[in-house]
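# Observations on chain architecture
As a plain string of letters, each chain reads:
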Amino acid sequence: MIETVNLRKEFGAKVAVDGLNLSIPSGRVTGLLGLNGAGKTTTIKILATLLRQTSGTVSVGGLDPVKQPHAVRKRINLIAGGERMVYARMTGRENLWYFGQLYDIPTKVLKPRIGQLLELVGLTHAAGTRVEQYSRGMTQRLSIARGLINDPDYLLLDEPTLGLDAPIARDLRKVVAGLAEQGKGVLLTSHYLAEVEQLCEHVYVIGDGRHLAAGSPAELMAQTGCHRTVRITVTNLSPQIEAAALAFDSRVRLAPGGVVELNHPDDLTGALTTTIIESGGALGGLEIVEPSLEDAILALSDRSLEVIA
Amino acid sequence: MRHAAKVMRAEALKQHRQIFGSKLVLFSMLVWPLLKLAETYYTLRPLAATPGIAERWPLAADPERLLAFLATGALGFTFFFSLVQSAWHFSIERQTGTLELLFLSPANRLAVVVANGFAALVQNAWLFACFAVAMFTLLDVVNVAHPAMYAVVFLAMLVPAVAWGAFLNSVLIFSRDAAFLYTLLDDPMWFASGVRLPVFALPGWIRAIGSVLPLTGSLAVVRGALLDGQGIGDLAGELAGLTVLSGVLLLAAVGALRLGEARAQRTGQLRLF
């Protein structure tokens, strides 16, 4: 497990991370969310030994990255999206071989692993092609294979699908889910919240380097008051029907186009529909909008901004 | 050591792919040093007709020995300047993001910078080295006290050059702008190290600058052993100086790497300046 306690990082007068407590267990994808500048990348770089915290403690599988950086580096890897972090003049296979040497992977292990990783990211056909001839998506897939070259116990993913086409991003999500099933601990940051919702069992939300909330995506939505929204279109909306609908629950709102809207933690769709029909309303449409993690993050960020203001 | 050897192999492949990305590299490997050698030779050749030159600089009176003297200088310069180029390439890795990956890996940092320099040296200098050996053979100017001196010459070029490369890599790895190296170490190194003129002919303050450049000591050993028939005993002072200077450069490289990495971990910027 990766654990941080009261993690704090200052860059001069700026506090990038302020008192974060994280637990990233093996066998699970843990999300780390926040708006730009929230401190996500700084946190990931501290876990990866690229940055040193100003105060607080970090433990990676029981190892201290400050005192045992060499041992920690063998057990982790980092994949960042949107950057060309491979060598353009080497082929895909050569890039993986190069990084395999840096990680001191035995030749007998490295050779088959390179083949497996190229297959995993769908680059077997381009293994002998120079990376400068790869598309952006292919380069990013190679970066992902590079991040797995040392078979890390913990994988830190910083926007790994940034700029990838939808089918490739979908394949990558399958890979990440598979890695967690194999027992690896994965920390994921992403701006694609649907991706986090799909992959992460547990999510930390941070803002301005501080902890805002934590829990499963469903728990986060509940914590922030994001509930399912029912929209009923009434074709003959009259003052009498409006009054009946508004009397049904204090959360009922009237929207333009004869729409009666209700956002409520309980499922009151049937009861509201019955009330409208009994008051003489004719239904033109019924839409149920499930809450999303994006709503929760926006709500949390808004609250954070209110606190700062 | 086993891991360091792996890093060496990895860097050798990387340098090979980077340096031989285009056939035009042959120009910088052979044609460019040859042109510089020819320019220097035909600039200095009229000196042979200068009255009294044989007393002040005996070698200049003999065109073949003058050419051999200049060729050793050009060979030494090719060795050391190829490492300036390699350091510049290495600093570019900071901009492309691969430098951060090197620091993310458990590879020994000194092994990486030494391997990078060594690989660049071999890739850049082998062609001109072959040309120089062929030229010495054809001119029949080699005067060696003992066959073992060939090994001494080789090591006197290789070891300080690799130490010099490791030092430059470790310093420039953290710099945003490495272009100043070319200005600082191209013509000044060519001049102050005695590549085209004997060091004794240079003013004292230039000799002082040259004394801290390892190329100066390397050229003294190479010329002494290959052209003047000097043995180990004759060159002991120069060899000792080179050994000390190489050690200092390697220690400075270790210090710069530690300082730079600690600073990068503190500031988040993989640069020193």
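### What to know about the overall build of chain B
In terms of helices and strands, chain B carries 12 helices and 0 strands. Counting helices and strands in the order they occur from the N terminus, chain B gives α-α-α-α-α-α-α-α-α-α-α-α. Relative to the globule expectation of 19 Å for 273 residues, the C-alpha radius of gyration of chain B, 19 Å, shows essentially globular dimensions. By its C-alpha atoms, chain B is 65 × 40 × 35 Å across when sized along the principal axes. A total of 273 residues make up chain B; the buried ones form 43% of that total. Look at the contacts in chain B between residues 6 or more apart in sequence, and 82% of them connect residues 24 or more apart.

### Examining the interface of chain A and chain B
Counting from both sides, the interface comprises 21 residues of chain A and, opposite them, 24 residues of chain B. Breaking the side of chain A that touches chain B down by element, the ones donating at least two residues are α2 (69-75) and α3 (92-102) of chain A. With 4 residues, α3 of chain A is the largest single contributor of residues to the side of chain A that touches chain B.

### Things to note about helix α6 (residues 109-139) of chain B
Taking 1.5 Å per residue, 31 residues should reach 45 Å; α6 of chain B reaches 43 Å between its end C-alpha atoms and fits that length. One or two positions beyond α6 of chain B, positive phi appears at D140 of chain B, with a value near 55°.

### With respect to the packing of helix α2 (residues 25-44) of chain B against helix α4 (residues 63-96) of chain B
Residues and elements named next belong to chain B. Across the interface, α2 lies against α4 with an axial gap of 10 Å and an inter-helix angle of 145°. As α2 runs across α4, the sense of the crossing is right-handed. Contacts between α2 and α4 pair P33, K36, L37, T40, Y41 and L44 from the former with L66, L67, L70, A71, A74 and T78 from the latter. Looking at side-chain class alone, the contact of α2 with α4 contains 9 nonpolar, 2 polar and 1 charged residues.

### Topic: the pairing of strand β13 (residues 283-289) of chain A
Residue and element names in this part refer to chain A. Counting buried positions over the 7 residues of β13 gives 0, only a small fraction of the element. Here strand β10 (residues 229-234) pairs with β13 via 6 bridges, running antiparallel. Bridged to I232 within β13 is L286.

### Observations regarding the confidence of the model for chain B
Keep in mind that low pLDDT regions are not for reading the predicted coordinates in detail. All names here are of chain B. Scored by pLDDT, chain B has a mean of 85; 95% of the residues are at 70 or more. The element-level mean pLDDT for chain B is lowest in helix α8 (residues 180-185), coming to 70, with helix α11 (residues 214-226) highest at 93. The complex prediction reports pTM at 0.82, with the ipTM value standing at 0.84.

### Focus: α3 of chain A
Since the α-helix packs 3.6 residues into each turn, any two residues three or four apart lie on the same face. Among the 11 residues of α3 of chain A, 11 are classified as buried, and the element is accordingly described as predominantly covered. Looking at α3 of chain A, one finds that the buried residues are G92, R93, E94, N95, L96, W97, Y98, F99, G100, Q101 and L102 of chain A. For α3 of chain A, the elements touching its buried residues are α4 (107-120) and α5 (136-147) of chain A together with α1 (2-19) of chain B. Phi for D104 of chain A, located one or two positions after α3 of chain A, is positive at around 55°.

### Some thoughts on the domain arrangement of chain A
Under the domain assignment used here, chain A contains domain 1 (2-223) and domain 2 (229-289). Taking only C-alpha atoms into account, the centre of domain 1 of chain A sits 46 Å from that of domain 2 of chain A.

### Some details on unusual backbone geometry
All names here are of chain A. Phi is positive for E159, close to 50°, though the residue is something other than glycine. If you trace the backbone, E159 turns up in the loop between β6 (154-158) and α6 (166-181). Of the residues examined, E159 has 20 C-beta atoms within 10 Å and is grouped as buried.

Analysis parameters
- Position numbers for residues start from 1 in each chain and track the written sequence from start to end.
- Chains and ligands are labelled by the order in which they are written, letters from A for the one and numbers from 1 for the other.
- In view of the model being predicted, local features appear only for residues whose pLDDT reaches at least 70, and side-chain atom pairs are presented and counted only at 80 or more, with totals across whole chains, interfaces and linings using the full set of residues.
- Numbering of helices and strands runs from the N terminus; a helix is a DSSP stretch of H or I covering at least four residues, while a strand is a stretch of E covering at least two.
- This radius of gyration counts C-alpha atoms alone. The globule rule is 2.2 Å times how many residues there are, raised to the power 0.38.
- Exposure in this text rests on C-beta crowding, where 20 or more other C-beta atoms within 10 Å of a residue's own make it buried, 12 or fewer make it exposed, and counts in between make it partly exposed. The C-beta atoms are placed from the backbone.
- Placing a C-beta atom from the backbone of each residue, one calls two residues in contact when those atoms lie within 7 Å.
- Expected helix span is computed as 1.5 Å times (number of residues minus one).
- For helices, the fitted axis covers only the stretch in contact; all axes are lines through C-alpha atoms, and the angles between them, taken along N-to-C directions, range from 0 to 180 degrees.
- Definitions for this section: a left-handed crossing has its near helix turned counterclockwise from the far helix by less than a right angle. A right-handed crossing has that turn clockwise.
- Asp, Glu, Lys and Arg are counted as charged, while Ala, Val, Leu, Ile, Met, Phe, Trp, Tyr, Cys and Pro are counted as nonpolar; the rest, among them Gly, fall into the polar class.
- Following DSSP output, two strands are said to pair if at least two bridges run between them.
- The score called pLDDT rates the predictor's confidence residue by residue, from a low of 0 to a high of 100.
- Start and end positions for the domains come from either an automated domain assignment or a database one.

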